[in-house]
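Commentary on secondary and tertiary structure
These are the residues of each chain, in order.
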Amino acid sequence: MSAAPRTEKQAGRFRRMLDRLSSSQGELESEELREDTQASGCIRISDCGDRQIVKVTGTLRTVTLRPLAGVPALEAELFDGTAPLDVVWLGRRSIVGIEPGRKLIATGRISMSHGRRVLFNPKYELRPLGQE
């Protein structure tokens, strides 16, 4: 009877290996980001609702300087494998360490703007380089 569970475990490992081999690079990165979200105690961006205070984590995909109403604003897109989140720092032209490809944890209140989730002036923590 102990042979059946072992065979099921081996079949499960083999299935995961085949799934990884047949997945695109983007799918693999999204899966890894979703696992990071669970491990860090953060919630998935796709589960965030309007006006909710959240703690999210992900990778910065883009970082741009975009003035809003004449005020400088540093805008970044954070992605956790489930959905994108626009993170905006008002009154900032740049922030050391905020660059594409960098992982971070952000905390603040979500708002919706033009159908997209936005987090203004969040409290944030950069993930150490080399652990990305």
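Treat the numbers as computed from the prediction; the structure is a model and nothing was measured.

Rules of the game
Every chain's residues receive numbers from 1 upward, in the order its sequence appears when written. Totals for whole chains, interfaces and linings use all residues, but because this is a predicted model, local features are given only for residues with pLDDT of at least 70 and pairs of side-chain atoms are given and counted only at 80 or more. Think of the side-chain values as coming from all heavy atoms in the structure, minus any hydrogens and water. Here a helix means four or more residues in a row that DSSP labels H or I, a strand means two or more in a row labelled E, and each is numbered from the N terminus. Burial classes follow relative accessibility: with a 1.4 Å probe on protein chains only, a residue under 20% of its type's maximum area counts as buried, one over 50% as exposed, and anything between as partly exposed. The contact criterion used is simple: two residues touch if any of their non-hydrogen atoms lie within 4.5 Å. Using the Shrake-Rupley algorithm and a 1.4 Å probe, accessible areas are obtained, with residue cover drawn only from the displayed protein chains. We call a set of buried Ala, Val, Leu, Ile, Met, Phe, Trp, Tyr and Cys residues a nonpolar core when their side-chain atoms join them within 4.5 Å. N or O atoms within 3.5 Å of each other form a polar contact, as long as, within protein, one can give a hydrogen and the other can take it, and as long as residues adjacent in sequence are counted only when both atoms are side-chain atoms. Two cysteine sulfurs form what is called a disulfide whenever their separation falls within 2.5 Å. What counts as a salt bridge is simple: a side-chain nitrogen of Lys or Arg found within 4 Å of a carboxyl oxygen of Asp or Glu.

Before going further, it helps to examine the overall build of the protein chain. Looking only at helices and strands, the protein chain features two helices and six strands. When its helices and strands are written in sequence order, the protein chain yields α-α-β-β-β-β-β-β. Classification of the 132 residues of the protein chain by burial places 32% in the buried group. For the protein chain, restricting intrachain contacts to residue pairs at least 6 apart in sequence, the fraction spanning at least 24 positions comes to 51%. Accessible surface for the protein chain amounts to roughly 8400 Å². Of this, 51% is attributable to carbon and sulfur atoms.

Of note, Pro67 is situated in the loop between β1 (53-65) and β2 (73-79). Through-space distance from the C-alpha of Pro67 to that of Arg92 is 9.5 Å; in sequence the pair is 25 residues apart. Beyond its immediate sequence surroundings of up to four residues, Pro67 is in contact with Pro72 and Ala73.

All right, on to the nonpolar core then. Formed by 18 residues in total, the largest nonpolar core has its most connected members in Val56, Leu78, Leu85, Trp89 and Ile98. Only β1, β2, β3 (84-90) and β4 (103-113) provide two or more residues apiece to this core. Setting aside residues up to four positions removed in sequence, Leu78 forms contacts with Ile45, Val56, Thr57, Gly58, Thr59, Leu60, Ala83, Pro84, Leu85, Val87 and Leu104.

As a further point, take the environment of Asp80. With respect to the secondary-structure elements, Asp80 resides in the loop between β2 and β3. On the basis of relative accessible area, Asp80 is assigned to the buried category, the value being 0%. For the pair formed by Asp80 and Thr59, sequence separation is 21 residues and the distance between their alpha carbons is 6.5 Å. Side-chain polar atoms of Asp80 contact the backbone nitrogen of Ala83, separated by 3.3 Å.

A word on the state of the cysteines. For the structure shown, the criterion picks out zero disulfides. The thiol sulfur of Cys42 is not disulfide-bonded, and the nearest other cysteine sulfur, from Cys48, lies at 9.6 Å. A relative accessible area of 5% means that Cys48 is categorised as buried.

Right, let's talk about the pattern of salt bridges for a bit. Side chains that carry opposite charge are capable of pairing whenever their charged atoms lie near each other. Using the criterion set out here, one finds five salt bridges in the structure. In this structure, the salt-bridge partner of Glu77 is Arg61, at a minimum N-O distance of 2.8 Å. Remark: Arg61 occurs in strand β1 and Glu77 occurs in strand β2; sequence separation between them is 16 residues. Take Arg61: its relative accessible area is 42%, and that puts it in the partly exposed class. Here Arg116 ties to Asp86 by a salt bridge, and the two come within 2.8 Å at their closest N and O atoms. Within this pair, whereas Arg116 is found in strand β5 (residues 116-120), its partner Asp86 is found in strand β3, the two being separated by 30 residues in sequence. Arg116 gets classed as partly exposed once you look at its relative accessible area, which sits at 33%. Look at the salt bridges and you will find they share partners, linking Arg61, Glu77, Asp86 and Arg116 into a network.

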